[in-house]
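Read off the chains here:
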Amino acid sequence: MKLTTEAKQAIFEQHGVAKSKNDTGSAESQIALFTTRITHLTEHLKVNKKDFSTRLGLLKLVGKRRRLLNYLQHRDINRYRAIIKELGIRK
């Protein structure tokens, strides 16, 4: 799945710190983008159980998101708690 530019901008507007479509670099917007991609890949793997290359990509994305969440947790715990609650991610 390739996210369209409009879909990415909507994610950035909804979840970014600055709440603008140009806020592509904040940890929150990156975490939201990774979460969207992770949910799509998870659905794909439920149908295609033997797609191991997609599984590897999914695991890499989960690791990237985990590292960003750890960074955010150490830098600003309130922002971390807000994004976890907003996206429904549990640790």
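Residues numbered from 1 in each chain as written. Predicted model: local features only at pLDDT ≥ 70, side-chain atom pairs only at ≥ 80, totals over all residues. Heavy atoms only, no water.

For the protein, an unreviewed UniProt entry supplies the name Small ribosomal subunit protein uS15 and the organism Solirubrum puertoriconensis.

**Student:** Go over helix α4 (residues 77-87), please, and point to the residues and values.
**Tutor:** For α4, the complete set of buried residues consists of Y80, I83 and I84. Considered in projection along α4, the buried side chains sweep an arc of 100° and stay on one side of the axis. Pointing more than 90 degrees away from the buried face of α4 are the exposed residues N78, R81 and K85. Summarising the contacts, the buried residues of α4 are in contact with α1 (5-15), α2 (27-47) and α3 (52-75). Looking at the residues trailing α4, positive phi occurs at G88, about 75°. (Buried < 20%, exposed > 50% of the residue type's maximum accessible area, 1.4 Å probe, protein only. Helix = DSSP H or I, 4+ residues; strand = E, 2+ residues; numbered from the N terminus. Arc of directions from axis to C-beta. Contact = heavy atoms within 4.5 Å.)

**Student:** Go over the pattern of salt bridges with me, naming the residues and quoting the values.
**Tutor:** Counting across every chain of the model gives 2 salt bridges. Between E43 and K46 there is a salt bridge, with the nearest N and O atoms lying 3.4 Å from each other. Remark: K46 and E43 occur in helix α2; sequence separation between them is 3 residues, near one turn of the helix. We classify E43 as partly exposed; its relative accessible area is 46%. Look at K46 and you get exposed, because its relative accessible area is 53%. (Salt bridge = Lys/Arg side-chain N within 4 Å of Asp/Glu carboxyl O.)

**Student:** Kindly report on the side chain of T35, identifying the contributing residues and their values.
**Tutor:** Secondary-structure assignment places T35 in helix α2. When its relative accessible area of 11% is taken as the criterion, T35 is described as buried. Not counting the four nearest positions on each side in its chain, T35 is found in contact with R65, L87 and I89.

**Student:** Just give me the short version of a positive patch on the surface, but keep the residues and values in it.
**Tutor:** There is a patch of like positive charges on the surface, built from K2, K8, R37, K60, K64 and R67. Top element by residues in the positive patch is α3. It accounts for 3 residues. (Patch = residues over 30% accessible without salt bridge, like charges linked within 9 Å, V, L, I, M, F, W, Y side chains within 5 Å. Areas by Shrake-Rupley, 256 points an atom, 1.4 Å probe, with all protein chains shown as cover. Lys, Arg positive; Asp, Glu negative; His and termini not counted. Charge placed at Lys NZ, Arg CZ, Asp CG, Glu CD.)

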